[in-house]
Structure formats: C-alpha cells, structure tokens
Amino acid sequence: MELRDVIARRASVRQFAGDAVPENDLKEMVRLAGLAPSVNNSQPWKFIAITNRDLLGKMADSVRKAIEQCLPICGDENEKQARKQVEWFSTFFENAPAVIVVAQCPYEAIVDSALQHSGMSHNDVNALRGHPDIESIGAAIENMLLAAVDMGYGGCWLSGPLIARQSIEKCIGIGDPWQLAAMVALGKPAQDVAQREKKAIDDIFKLIA
Ligand SMILES: Cc1cc2nc3c(=O)[nH]c(=O)nc-3n(C[C@H](O)[C@H](O)[C@H](O)COP(=O)(O)O)c2cc1C
C-alpha cells in the first residue's frame, strides 16, 4: 500500500475478529517500530508481545481494580457513565488477539556529561527538552500502527491501563530500569473502521516564510 494511503486508513481499532496474529507478523511490526527516530538514537524501548489469554485477563483485572480504587463508584449517573467508559477503554485489550506492551528505559544524552556543575539533573533537562524519551516511544508506536495497517491488521494505542502500571509490570516481569510506557492492542478488525474526523489543514498549518 502507498504510505499516504496507510496513513489515511489508520484508525483506532478496538474490536477484533478472532484470528490470531502470527509471531512473525508481530515481529515484523516491532522491527518497523524499531526503525523510528529516537533521542540520541538511544532506542529506549523494548516490545513484549502477549497472546496469552490468562495473562491478558489478569492484566485487565488489575486495571479494573486500580480504576475501582481511583474512581470509586458514587456520584450521579453522568459520573458513573464516565467511569464505565474509562473502564472499557482501558480494558478492551483483554479481547484483542495480541497486545504489544512497550517498555522504556532511561536514555543517556550527550548533555548529561555537561551537567555536573549546572545544578540540573538528567530529569530536569529531559523536562526542558519536552520529554524526548516519551516522544521517541510515540514515534515507534506510530510506526507500529502504520505497519499493522499495511499488513492488514488494525490496532489501538493505550495509555489507560497505565493506571495499574506496577501490577502490569509485575505480571510481565518489567523491572528497573525499565518501565511500562504504553500498550498496543492488535488484530484483524472486526469491521471496517472509518477514520475519525480530523482538523482541517488550514486550522493546523501555518507557514512563516
Ligand atoms: C498517547 C495515546 C494514548 C491513548 N490511550 C488510549 C486508551 O487508553 N484507550 C483507548 O481506547 N484509546 C486510546 N488512544 C486512542 C485515541 O483515543 C485515538 O487515537 C483518538 O480517539 C483518535 O482516533 P483515531 O486513532 O481513530 O484517529 C490513545 C491514543 C494516544 C495517542
């Protein structure tokens, strides 16, 4: 498929047909994710593909539990509906044929060696630079989503489950210095998903010539 068509066809898919995603396809999506740009070419990522139903169920249970603790069921109907939605958007991954968990580790930057007398830490500089570590992870995930579309799959990027970060890290064996950064649910779409409405080009583009 032409790259522009792939980009235009990508839309978040949250309902999947039952077909399994073969390991080789998951590997290819991760290979293409790993070609993304990253701060200092640090490639501060690791990708763990999960197809084990029990494990995915356990991860979703830990998300439900964390939501219960953070957003206790009370309040009016609107609040209850919102909570229900948050729960669904954070747990639907348990029904996806595959989930790729993205883990990130701290990167070393050239500037780190110049910080000794500056009073600034690596984290201070990372924040000043607009969190390039997280930006790098985002670039890799977009590559993965586009690769999935090109290969006939669909996917959805998830940050909602991070509410249960520690439990999920424990379930999968992600340990220091690594931490859970995001998850991507993947599979054959249950039905065609049209691209969501996007802002018009003139609303988002400005040229300063
Ligand atoms: C950083 C990030 C986090 C997201 N987290 C979730 C999530 O937890 N659950 C979910 O269902 N969708 C999640 N999404 C998908 C967005 O809801 C989706 O991209 C947006 O509604 C636009 O729709 P589109 O992807 O079809 O263009 C996330 C997207 C991004 C970029």
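Heads up: the structure comes first, above all this text.
Each value, and the rule that gives it
Residues numbered from 1 in each chain as written. Predicted model: local features only at pLDDT ≥ 70, side-chain atom pairs only at ≥ 80, totals over all residues. Heavy atoms only, no water. Helix = DSSP H or I, 4+ residues; strand = E, 2+ residues; numbered from the N terminus. Buried < 20%, exposed > 50% of the residue type's maximum accessible area, 1.4 Å probe, protein only. Contact = heavy atoms within 4.5 Å. Areas by Shrake-Rupley, 256 points an atom, 1.4 Å probe, with all protein chains shown as cover. Lys, Arg positive; Asp, Glu negative; His and termini not counted. Charge placed at Lys NZ, Arg CZ, Asp CG, Glu CD.

With that out of the way, let us pick up the overall build of the protein. Helix and strand content of the protein: 8 helices and 4 strands. Here the C-alpha coordinates of the protein stretch approximately 55 × 45 × 40 Å along the principal axes. Among the 209 residues that make up the protein, the fraction classed as buried is 37%. Long-range contacts, defined as pairs at least 24 residues apart, comprise 81% of the intrachain contacts of the protein with a sequence gap of at least 6. Approximately 12700 Å² of the protein is accessible, and the part contributed by carbon and sulfur atoms is 50%. Here the protein carries 22 positive and 27 negative side-chain charges, and the mean point of each set is 2 Å from the other.

Glancing now at unusual backbone geometry. With an omega dihedral of 5°, the bond running from Asp176 to Pro177 counts as a cis peptide bond. Following the sequence through the fold, Pro177 ends up in the loop between α7 (165-172) and β4 (179-187). One non-glycine residue, Gln43, lies in the positive phi region at around 45°. As for its placement among the helices and strands, Gln43 is situated in the loop between α2 (23-33) and β1 (45-50). Taking the relative accessible area as the measure of exposure, Gln43 reaches 37% and is therefore partly exposed. The backbone of His131 sits at a positive phi, close to 55°, despite the residue not being glycine.

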